[in-house]
Amino acid sequence: MRLITLALAALLLLIQYPLWLGKGGWLRVADFEGQVDVAHKKNAELIARNAKLDSEVRDLKDGTGAVEERARYELSMIKQNEIFIQIVGKGQAEAAVPAAAAPPVDIAQ
């Protein structure tokens, strides 16, 4: 009787091996599900980035708003009869360009 019990236990372990550690086992399936989740998150980030770039390209092609915004923030350009005010924080005091050193540049409208 004891030999039959040991044989059945050994067979049970042999049957469980492919379920847990085999090619289509639970551990491998869980690992693949984790990889799929990471890929879905990365795809969502890339889709959001592509949508942002697409809207920016469309705005640059169709309107002047994006060009004007870039001129204002990146080149510090202002329109005619506009006043440019720059607020400088404590840590930015040395890096700020004084208004007298850089004359304002007009943006043609």
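Note that the coordinates shown come from a computational prediction; the quantities given were computed from them, not determined experimentally.

## With respect to the overall build of the protein chain
- When you go through the protein chain residue by residue, the secondary structure sums to three helices and two strands.
- Listed N to C, the secondary structure of the protein chain is α-α-α-β-β in terms of helices and strands.
- Taken across its 109 residues, the protein chain has 6% of its residues classed as buried.
- Long-range contacts, defined as pairs at least 24 residues apart, comprise 39% of the intrachain contacts of the protein chain with a sequence gap of at least 6.
- Total accessible area on the protein chain is roughly 10100 Å²; 63% of this is exposed by carbon and sulfur atoms.

## Focus on the confidence of the model for the protein chain
- In this model, the protein chain carries a mean pLDDT of 81, and residues with pLDDT of at least 70 account for 84%.
- The lowest-confidence element of the protein chain is strand E2 (residues 106-107), averaging 58 in pLDDT; the highest-confidence one is helix H2 (residues 26-62), averaging 92.

## Some thoughts on a nonpolar patch on the surface
- Together, Tyr17, Leu19, Trp20, Leu21, Trp26 and Leu27 line one region of the surface with nonpolar side chains, adding up to about 680 Å² of accessible area.
- Elements supplying a minimum of two residues to the nonpolar patch: helix H1 (2-21) and H2.
- In terms of residue count, the dominant contributor to the nonpolar patch is H1 (four residues).
- Counting through the fold element by element, Trp20 comes out in helix H1.
- Among the residues examined, Trp20 registers a relative accessible area of 44% and is labelled partly exposed.

## Considering the pattern of salt bridges
- Applying the stated criterion across every chain yields a total of four salt bridges.
- Across the salt bridge formed by Arg58 and Asp54, the nearest N and O atoms sit 2.3 Å from each other. Residue Arg58 and its partner Asp54 are located together in helix H2, separated by four residues, close to a single helical turn.
- Relative accessible area serves as the criterion here: at 38%, Asp54 is assigned to the partly exposed category.
- When the shortest N-O distance is used, the salt bridge between Arg72 and Glu82 registers 3.0 Å. With a gap of ten residues between them, Arg72 in helix H3 (residues 65-75) and Glu82 in the loop between strand E1 (78-79) and E2 connect regions that are remote in the sequence.
- Through salt bridges with shared partners, one network takes in Glu68, Arg72, Lys79 and Glu82.

## Some words on the layout of surface pockets
- One number sums up the size of the second largest pocket: a volume of about 170 Å³.
- Around the second largest pocket sit Arg72, Tyr73, Ser76, Met77, Ile78, Glu82, Ile83, Phe84, Ile85 and Gln86, which together line it.
- Residue composition of the lining of the second largest pocket, grouped by class: six nonpolar, two polar and two charged.

## Describing H1
- Compared with the 28 Å implied by 1.5 Å per residue over 20 residues, the 28 Å span of H1 between its first and last C-alpha is a close match.
- Little of H1 sits inside the fold, with zero of its 20 residues counted as buried.

Conventions used here
- Residues numbered from 1 in each chain as written.
- Predicted model: local features only at pLDDT ≥ 70, side-chain atom pairs only at ≥ 80, totals over all residues.
- Heavy atoms only, no water.
- Helix = DSSP H or I, 4+ residues; strand = E, 2+ residues; numbered from the N terminus.
- Buried < 20%, exposed > 50% of the residue type's maximum accessible area, 1.4 Å probe, protein only.
- Contact = heavy atoms within 4.5 Å.
- Areas by Shrake-Rupley, 256 points an atom, 1.4 Å probe, with all protein chains shown as cover.
- pLDDT = per-residue confidence, 0-100.
- Patch = residues over 30% accessible without salt bridge, like charges linked within 9 Å, V, L, I, M, F, W, Y side chains within 5 Å.
- Salt bridge = Lys/Arg side-chain N within 4 Å of Asp/Glu carboxyl O.
- 1 Å grid on protein atoms, 1.4 Å probe; cavity = no way out; pocket = protein on both sides within 12 Å on 5 of 7 lines; lining within 4 Å.
- Points joined across faces, edges and corners; volume = space filled by probe spheres on them.
- Nonpolar A, V, L, I, M, F, W, Y, C, P; charged D, E, K, R; others polar.
- Expected span 1.5 Å × (residues − 1).

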